[in-house]
Amino acid sequence: MLMGVKELEEIIPHRHPFLLLDGVEELEPGKRVKAVKCVAFREDFFAGHFPQEPVMPGVLIIEALAQAGAVAILSVPENKGKTAYFGGIDKVRFRKKVVPGDRLTLECEIIRTKGPVGVGRAVARVDGNVAVSGELTFVVS
C-alpha cells in the first residue's frame, strides 16, 4: 500500500467516521489515483441501510470516489492544504450492489482542469466488476 489512513489525513480533511478510504495503491499527483475501501459489516450505515440486506448507499460510494479524486488533485504541491469541494456529478451509473466483505477499488482520472475547477472520470469496482461510474466535478479552494 502506497498510503494508509495517516497519510490520507495529511492530504484530505475527512476523518472517521466520514473518511471512506482505507488506503491508496497508486498515485500520479494531479492525474490519477487508485484507492481502496474495505467494506466492513460494522459500518454505521448498515444498521439502517438495510438491516435485512445490508447495502452500501450509492451516495457514499460516490463520496468515496470523490475522496479518492481529491487525493489525486490535492497531492500536487500548489494545492497542499486546500480542500476539493463537489462542483457537480454527471453521467453516474450504479451497476452492482456493494455489500459487507467487499473490497471496493476506487479509481479517478483527472480528465480536465481549468483554474480551480476540474473533472474526474471515476469508477468503483468490486472484484474487477464495475459497481459505480461517472464524472465528478470539483472546485479547489
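Residues numbered from 1 in each chain as written. Predicted model: local features only at pLDDT ≥ 70, side-chain atom pairs only at ≥ 80, totals over all residues. Heavy atoms only, no water.

(A) Here's a closer look at the packing of aromatic side chains. According to the stated counting rule, one finds two aromatic pairs in the structure shown. Seen from their ring centres, Phe41 and Phe46 are 6.5 Å apart, and the 20° between their planes marks the pair as stacked. Classification of Phe41 as exposed rests on a relative accessible area of 59%. The buried category is assigned to Phe46, whose relative accessible area is 4%. A connected cluster of aromatic rings, assembled from ring pairs, spans Phe41, Phe45 and Phe46. (Phe/Tyr/Trp six-rings, centres within 6.5 Å; stacked < 30°, edge-to-face > 60°. Buried < 20%, exposed > 50% of the residue type's maximum accessible area, 1.4 Å probe, protein only.)

(B) Region of the structure containing helix 2 (residues 58-74). Between its first and last C-alpha atoms helix 2 spans 24 Å; for 17 residues at 1.5 Å apiece the expected length is 24 Å, and the two agree. With 15 of its 17 residues buried, helix 2 lies for the most part within the structure. (Helix = DSSP H or I, 4+ residues; strand = E, 2+ residues; numbered from the N terminus. Expected span 1.5 Å × (residues − 1).)

(C) A look at the sheet that holds strand 1 (residues 23-28). Reading across from one edge, 1-2-4-5-6-3 is the order of the six strands in this open sheet, with antiparallel pairing throughout. Taken across any chain shown, the strands that pair with only one partner, and hence form the sheet edges, are strand 1 and strand 3 (84-94). Shown here is a sheet whose adjacent strand axes are inclined to one another by a mean of 20°, direction ignored. Summarising the sheet, strand 5 (residues 117-126) and strand 6 (residues 129-140) pair through 10 bridges and their orientation is antiparallel. Within the sheet, the bridge partner assigned to Val126 lies in strand 6 and is Asn129. Across the sheet, helix 2 touches strand 1, strand 2 (32-38), strand 3, strand 4 (103-114), strand 5 and strand 6, and the angle it forms with strand 4 is around 55°. (Pairing = 2+ DSSP bridges. Axes fitted to C-alpha atoms, helices over the stretch in contact; angles between N-to-C directions. Contact = heavy atoms within 4.5 Å.)

(D) Main features of the environment of Val132. Along the chain, Val132 turns up in strand 6. By relative accessible area, Val132 is classed as buried at 1%. Taking the C-alpha atoms as reference, Val132 lies 21 Å from His14; in sequence the two are 118 residues apart. Those residues in contact with Val132 that lie beyond four places of it in its chain are Ile61, Ile62, Leu65, Val92, Arg93, Phe94, Ala122, Val123 and Ala124.

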